Amino acid sequence: MNMRIGHGYDVHRLVEGRKLIIGGVDIPHEKGLLGHSDADVLLHAICDALLGAAGLGDIGRHFPDSDQRFKGISSILLLTETVKLLRERGFRTGNIDATIVAERPKMAPHIPMMIAAISKAAGVDPQSVNVKATTTEGLGFTGTGEGIAAHAVCAIVIAAA
């Protein structure tokens, strides 16, 4: 089996007047993430990891913030399109492992819904998706509540003919 690994990282600033969407889930919070799309840091990191594993660049190359078609778009759709790009090149997703870095709100109650949304969009079994959350103990931009970050590592395999 030919396996390839990709890593993704994303950051967005927290601002008032936006919804907080992480992992495809609308999380109640007084602030949301600023971005051209819905600014879902977790899904953006996953898209970058998948694209990187396939040698296809990054999310900005395929879904640029200069393109009005992607303004306000759900990142679940971006993940679905990323998986489609991989399939067209003979790859399938093996597994996804991701970490959200945020001081607040608490992510744990929302992680099962995130896993369900990600696995559906990526076309994989929920057992192939792992999402974790951590804080930075009050340090840095995530610790002060200025933003949220996410890391993702994904394995892809050459799909059977």
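Residues numbered from 1 in each chain as written. Predicted model: local features only at pLDDT ≥ 70, side-chain atom pairs only at ≥ 80, totals over all residues. Heavy atoms only, no water.

Pulling in residues and values, what's your account of a nonpolar patch on the surface?
A cluster of nonpolar residues, Met3, Ile5 and Val153, forms a patch on the protein surface that exposes about 280 Å² of accessible area. In this fold, Val153 is placed in strand β7 (residues 147–158). A residue is classified by how much of its surface remains accessible, and Val153, at 37% relative accessible area, is partly exposed. (Patch = residues over 30% accessible without salt bridge, like charges linked within 9 Å, V, L, I, M, F, W, Y side chains within 5 Å. Areas by Shrake-Rupley, 256 points an atom, 1.4 Å probe, with all protein chains shown as cover. Salt bridge = Lys/Arg side-chain N within 4 Å of Asp/Glu carboxyl O. Helix = DSSP H or I, 4+ residues; strand = E, 2+ residues; numbered from the N terminus. Buried < 20%, exposed > 50% of the residue type's maximum accessible area, 1.4 Å probe, protein only.)

Now, about the packing of aromatic side chains: what can you tell me, with residues and values included?
Applying the stated criterion to the full structure yields one aromatic pair. Where Phe63 meets Phe70, the ring centres are 5.4 Å apart and the plane angle is 85°; that geometry is what we call edge-to-face. Residues Phe63 and Phe70 agree in their burial class; the two are buried. (Phe/Tyr/Trp six-rings, centres within 6.5 Å; stacked < 30°, edge-to-face > 60°.)

Explain the environment of Ser75 to me, and be specific about the residues and the numbers.
Checked against the element boundaries, Ser75 lands in helix α3 (residues 75–88). Assessed through its relative accessible area of 0%, Ser75 is described here as buried. Residues Ser75 and Thr99, 24 residues apart in the sequence, show an inter-C-alpha distance of 17 Å. For Ser75, the contacting residues outside a window of four places in its chain are Ser37, Asp38, Ala39, Asp40, Leu43 and His44. At 2.4 Å, the side chain of Ser75 forms a polar contact with the side chain of Asp38. (Contact = heavy atoms within 4.5 Å. Polar contact = N/O pair within 3.5 Å; in protein donor to acceptor, adjacent residues only side chain to side chain.)

Any details on unusual backbone geometry? Residues and values, ideally.
Where the residue is not glycine, phi is negative for most of them; where a peptide bond is considered, it is trans in most cases. Note the cis peptide between Arg104 and Pro105, where omega equals 0°. Topologically, Pro105 is positioned in the loop between β5 (91–101) and α4 (111–122). Positive phi, close to 55°, is recorded for Glu137, a residue that is not glycine. When you line up the elements, Glu137 lands in the loop between β6 (129–134) and α5 (140–143).

How would you summarise the pairing of β7 if you had to cite specific residues and measurements?
Most of β7 is tucked away: nine of the 12 residues are buried. When strand β1 (residues 3–15) meets β7, the two strands line up antiparallel, connected through 11 bridges. From the neighbouring strand, His7 faces β7, where its bridge partner is Val153. Alignment of β5 against β7, held across 10 bridges, turns out to be antiparallel. (Pairing = 2+ DSSP bridges.)

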